[in-house]
Every structure is written in C-alpha cells, then in structure tokens.
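As a plain string of letters, each chain reads:
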Amino acid sequence: MTRVLFLCTGNSCRSQMAEAFLCAYGSAQFEVFSAGLAPGVINPYTYRVMAELGFDLAGHRSKGLDEYQGKMEFDYVITVCDDADRNCPLYLSRTAQRLHWPFEDPAAFTGSDEETLAKFRQVRDAIADRVRQWTENPGVS
C-alpha cells in the first residue's frame, strides 16, 4: 500500500481535507496521514464544509510531525501550502517523493459567515478535484 502524508502549516484545513478525500477516493490503494508544521486545532469551517459532502471529521485532530518522525516512512509527502513546501523537514524528503499542491488558505480569508463558507467550499472543491485526478494517475504530480 502506498503511504501518503499531506503536510500543511497548522493541519487545520487543507491537509485535513486532502486526507479525507484521499481516504475516500483511494482507500484500497493508499494509507493516508496528515500533519502540520505547527499544529493547532481544526478550523470549525473545515468541519462544516466537509460535512456538506458527507465527511464526518469528528474523530480527526490536528497532528504534528513528531507523531511520525522515526516511526514511519512515506512514499509521498504532499505539501498543500507554500509555507510547508519551504519548510518541509529534510528527513521527510529523503525517502519520499515530494509533491507540492499549493492551495489558498481559506482560514486567512476575512468576510461574513457566508463569504467565509464560500471560500472554504472553493478550496475544498479544488482539493477534491486535485486528489481525484491524482488517484487516477499517482505518478503525476
């Protein structure tokens, strides 16, 4: 089974979404994890927009790299934000193929509740599309 780590800054939005989508779209082919360089808490909008598509993230939590360092190797490390791409620890890239899928940070958006939901939906849908495409041809970044 191919082991994949999605890496972001806080493991609160984009990497959580990517993990959920890859688990759904490629569960027979991939073992999926996510982490953040500076983990915090999952953004409440992440729960909301994923629930709209039937994804229950209730058991998910924000995780740091320390949970994986020295304990497992990955076939792919996929950074989903520029900060994670710039600051990805070298030990992760020694064994894994590194891919970078930059997505806008919906948590950085400021607006009304409905505008913020719309931004989270936009990013969610872009991540879903990218993950779906990649499951069809994982050799392509």
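Asker: Tell me about the packing of helix H2 (residues 44-51) against helix H5 (residues 113-136), and please be specific about residues and values.
Answerer: At a closest axis distance of 10 Å, the pairing of H2 and H5 adopts a crossing angle of 65 degrees. Relative to H5, the element H2 lies roughly perpendicular. Where H2 crosses over H5, the two elements pack in a sense that is right-handed. On the side of H2, the interface is formed by Tyr45, Thr46, Arg48, Val49 and Met50, while H5 contributes Asp113, Thr116, Leu117, Phe120, Arg121 and Arg124. Looking at the contact of H2 with H5 residue by residue, the classes come out as five nonpolar, two polar and four charged.

Asker: Account for the state of the cysteines, with residues named and values stated.
Answerer: Under the criterion given, the structure shown has zero disulfides. Not part of a disulfide, Cys8 finds its nearest cysteine sulfur in Cys81, a span of 3.6 Å. Judged by its relative accessible area of 3%, Cys81 is buried.

Asker: Please provide a residue-by-residue account of H2, values included.
Answerer: Among the residues of H2, Tyr45, Thr46, Val49 and Met50 are the ones counted as buried. For H2, the buried positions fall inside an angular range of 125 degrees around the axis, keeping them on one side. Contact partners of the buried residues in H2: helix H1 (14-25) and H5.

Rules of the game
Per chain, residues are indexed from 1 in the order of the written sequence. Whole-chain, interface and lining totals are the exception, using all residues; otherwise, since this is a predicted model, local features are given only for residues with pLDDT of at least 70 and side-chain atom pairs are given and counted only at 80 or more. As a convention, hydrogens and water are excluded, and side-chain values are obtained from all of the structure's heavy atoms. Geometry is summarised by axes, namely lines fitted to C-alpha atoms with helices restricted to the contacting stretch, and by angles between N-to-C directions that run from 0 to 180 degrees. Strands here mean DSSP runs of E at least two residues long; helices mean DSSP runs of H or I at least four residues long; both are numbered from the N terminus. Should an angle fall under 35 degrees it is taken as roughly parallel, and over 145 as roughly antiparallel, whereas 65 to 115 is taken as roughly perpendicular and any remaining angle as oblique. If you view the pair so one helix is near and one far, a crossing is left-handed when the near helix is turned anticlockwise from the far one by less than a right angle, and right-handed when it is turned clockwise. Whether two residues touch is decided by their heavy atoms; if any such pair falls within 4.5 Å, the residues are in contact. The residue classification treats Ala, Val, Leu, Ile, Met, Phe, Trp, Tyr, Cys and Pro as nonpolar and Asp, Glu, Lys and Arg as charged. All others, Gly included, are polar. When two cysteine sulfur atoms lie within 2.5 Å, the pair is treated as a disulfide. Relative accessible area decides the class of each residue, using a 1.4 Å probe on protein chains only: under 20% of the type maximum gives buried, over 50% gives exposed, and in between gives partly exposed. For this quantity, the arc is that covered by the directions from the helix axis to the C-beta atoms.

Distances and angles like these do not, on their own, reveal function.
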